[in-house]
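# Breakdown of the fold
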Amino acid sequence: MTETTPAAALDVEEAGAVLAAEAARFASFGWMRGTSGNLSVVLSREPLRLAVTASGRDKGELTASDVVVTDGQGAAVGPGRPSAEAALHARVVRLTGAGAVVHVHTVASVVMGQRSPAGIPFEGLEMLKGLGHPTHEVSVTLPVIANSQDMTELGDRLEAALRPGMPAVVVAGHGIYVWGADPREARHRAEVVEWLLELALARG
């Protein structure tokens, strides 16, 4: 499990603007095609409240108002409909102390999740420092879990799969979940994890 220390809380409008900008960046990479993927950021801890990207919206065209506030179980506490996976975002936050969660659908994550269902090992790579390791001389495994439409079941699988030094999980046939202290750190980590996946894919 990778614990984080979240940055100062945002209000809903600020959070919406941040998530819209992050979604546009990921969409430009082709990681959030159509309406796929979802992002979240913690608004408060007590009680736990998250801003989650609204369901069914083109992630390259989000505005600051395209977010829904949810509780610590991922249920909406304001107007709008959050992603169906908001409950998993909330579970990640509760488990890891993260301040932001990224879920994107990338080709490399889908292929590698199917190719390596027991997990994807990485060792001796400079890019691992982008996940918080002080040196490249480490060995880590990116966990892979089976997909489910039941967010409680999927959350249980994610909890069981958490590994020290790896703030991410691949959901087989689906995509990746990556988290960090704030949206910027979550973004940086997502980009590093995707780079690692693309490397593994290129290695065959």
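Quick note: structure is the one above.
Residues numbered from 1 in each chain as written. Predicted model: local features only at pLDDT ≥ 70, side-chain atom pairs only at ≥ 80, totals over all residues. Heavy atoms only, no water.

Turning our attention to empty space enclosed by the protein. A full pass over the atoms with the stated rule returns one cavity of 30 Å³ or more. Here the largest cavity defines a volume of roughly 40 Å³. Lining the largest cavity are Leu19, Glu22, Phe26, Leu39, Ser40, Ala100, Val101, Val102, Pro183 and Arg187. Broken down by secondary-structure element, the contributors of at least two residues to the lining of the largest cavity are helix H1 (12-28), strand S1 (38-45), strand S4 (100-104) and helix H5 (183-203). (1 Å grid on protein atoms, 1.4 Å probe; cavity = no way out; pocket = protein on both sides within 12 Å on 5 of 7 lines; lining within 4 Å. Points joined across faces, edges and corners; volume = space filled by probe spheres on them. Helix = DSSP H or I, 4+ residues; strand = E, 2+ residues; numbered from the N terminus.)

Following the sequence through the fold, Asp66 ends up in the loop between strand S2 (48-53) and strand S3 (67-70). On the basis of relative accessible area, Asp66 is assigned to the buried category, the value being 11%. A polar side-chain atom of Asp66 sits 2.3 Å from a polar atom in the side chain of Arg57. The contact partners of Asp66, leaving out residues within four places of it in the chain, are Val52, Thr53, Ala54, Arg57 and Glu61. (Buried < 20%, exposed > 50% of the residue type's maximum accessible area, 1.4 Å probe, protein only. Polar contact = N/O pair within 3.5 Å; in protein donor to acceptor, adjacent residues only side chain to side chain. Contact = heavy atoms within 4.5 Å.)

Scanning the model with the defined rule gives eight salt bridges in all. Of the charged contacts in the structure, one is a salt bridge between Asp156 and Arg91, with a shortest N-O distance of 2.6 Å. Taken as a pair, Asp156 in helix H4 (residues 151-161) and Arg91 in helix H2 (residues 86-96) lie far apart in primary sequence, 65 residues in all. Accessibility expressed as a relative area gives 41% for Asp156, which makes it partly exposed. For Arg91, a relative accessible area of 13% gives the class buried. Of the charged contacts in the structure, one is a salt bridge between Glu153 and Arg157, with a shortest N-O distance of 2.6 Å. With Glu153 and Arg157 both in helix H4 and four residues apart, the pair spans about one turn of that helix. Here the salt bridges do not stand alone but share partners, grouping Arg91, Asp156 and Glu159 into one network. (Salt bridge = Lys/Arg side-chain N within 4 Å of Asp/Glu carboxyl O.)

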